[in-house]
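Residues per chain are reported as follows:
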Amino acid sequence: MRNRILLVLTGAFAVLITWNLKNILLNLPDEARQDAIFRILYFHAPAGMVALIGFGIGMAFSGVYLATKNLYWDTLAASTTEVSLMLGAINLVTGSIWGRQQWGVWWAWDARLTSMLVCWLIFAGYLMMRRAVEEPDTRARLSAVISVFGTVNAWFVYKVIEWTPRLQHPGPVLSFRTGGKIDHTLETPFYWMVLAYLLLGVILVMIRMRQESITREIDSLRRLAHA
Amino acid sequence: MKQEAAAKQIAPSASLRETWFSFLSQTLTIAGKDLRAEWRTKEALNASLAFSTVILVLFSFALDPNPEMLQEFSGGLLWLVFLFAGALVLNRSFAREMQNDCLDALLASPVPPAGLFLGKTLANYALLMTLEFLCLAEFGLLFNVRWLGAVGPLMLVMALGTWALTVVGTMFSALTVNLRLREVMLPVLVYPMMVPPMMAAMILTTDLLAGNALAGNMLWVRVLVGFDVIFTLLGVSLIDTVLVG
């Protein structure tokens, strides 16, 4: 059943991303000031948004683990954080490339990108910590606490960094925050990309969970063989 | 009858007060124990003071401290020294309880984990504040920075910033105490978490040392207060999970 869901989701993702890429790369006009490079927006911003959402969902799973002490939720939290970290890396790399094109340097210490880098470092620490603990229950307990601390902190970083004098990023662009400044034809593909990244995230988390259950099965078989 | 009813009304609040008093006294006992242990050996204080002096000397080679540059960087330099030296103090906070299974004994004692955490945080706070005060004096001498004019607001910023560092640092000291790579994991986990309060503290300190008033920067004071309150509450409510499970 799970495999079938995974297959359907992967198919939906493949269709969505192909249609999106065609739309973004072939149909959209170039932007007046930035030419073709502006299209990186559709890869850069949605990845960051979904990564931040993923960190939040990871914290929620960690909270469920703390309430139920069921290790399934811990694995789910760790998988979600791992996938979010990957999406965060996409956001950082594409941001850096765009920055090189627009501001002339690979890393301009722009406040928004820096805040993503700080969040990235916090959750990279989370994954490093998980490798340092062998015992599954302790690992789950400690990583749940780090997840809560990290996500609350990520929210702090996100808000606080806006107030520094280093913000080179444009302000809010999407219409639900500006009241319709962006053209409709440019905005719609953005939301489709958010959906595509969300789908990709769900697919990767499901694959990661399957790997974990196989690992557990192999472990128990090994124990059985030794016994 | 009336007296009985009155006694019944008073009883719950009195027991609540007693609980609070016993919690407070347990917290202070832990803090006193840690400070006494430190006072007798002076291990952490001496090591971190020597370490911060070395860093301050190295900064002078790295940055060529002319007065204009110092004006821009003083707050940042100072708080980096506090962070580096702080990690040394915080690393030892729970690690010193590992010998002879003292941590297990502490957890088995009637002190609740929250009391243990707050006691250790208070002791670390006192140690770090002492260390920072000495560093500030040293910094003023070595780099010719006059800070006595703004000593009041500077103390407030140091008090708030240090509480942020101590409360998160002590929590993570408890969290990493049993890890294989404890000494490395603590800074790796704590430093990124310290970005919001350190940014606020650095901006405020630089501004104060440049002779500006605190009133123009109240936003950053609010950030510090907010961070302190939220993470103290998180620490107190999650320490049970970390220490006991």
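Numbers given to residues run from 1 along each chain, matching the order in which its sequence is written. The lettering of chains begins at A and the numbering of ligands begins at 1, in the order of writing. With the structure being a predicted model, the display of local features is reserved for residues of pLDDT at least 70 and the display and counting of side-chain atom pairs for 80 or more, all residues being used for whole-chain, interface and lining totals.

Visitor: Quick question: what am I supposed to make of the overall build of chain A here?
Guide: Regarding its fold elements, chain A presents seven helices and zero strands. Where helices and strands are cited, they refer to DSSP runs of H or I of at least four residues and of E of at least two residues respectively, numbered from the N terminus. Listed N to C, the secondary structure of chain A is α-α-α-α-α-α-α in terms of helices and strands. Each principal axis of the C-alpha atoms in chain A carries an extent, and together these give about 70 × 40 × 30 Å. The burial criterion counts other C-beta atoms lying within 10 Å of a residue's C-beta, which is placed from the backbone; the residue is buried at 20 or more, exposed at 12 or fewer, and partly exposed between these limits. Within chain A, buried positions represent 33% of all 227 residues. The contact rule is simple: place each C-beta atom from the backbone, and if two of them lie within 7 Å, those residues are in contact. When contacts within chain A are restricted to residue pairs at least 6 apart in sequence, long-range pairs at least 24 apart make up 77% of them.

Visitor: Teacher, can you tell me more about the interface of chain B and chain A here?
Guide: With 21 residues of chain B at the interface, the matching set in chain A holds 23 residues. Secondary structure elements with two or more residues in the side of chain B that touches chain A: α7 (182-193), α8 (195-209) and α9 (218-243) of chain B. A per-element tally of the side of chain B that touches chain A places α9(B) first, with eight residues. Here the residues of the side of chain B that touches chain A sort into 18 nonpolar, two polar and one charged. Polar here means any residue outside two lists: the nonpolar Ala, Val, Leu, Ile, Met, Phe, Trp, Tyr, Cys and Pro, and the charged Asp, Glu, Lys and Arg; Gly therefore counts as polar.

Visitor: In this structure, what is going on with the environment of L71(A)? I would like to understand it.
Guide: All names here are of chain A. In this fold, L71 is placed in helix α3 (residues 71-103). Placed 122 residues apart in sequence, L71 and M193 show a C-alpha to C-alpha distance of 32 Å. Excluding residues within four positions of it along the chain, L71 makes contact with P136 and A140.

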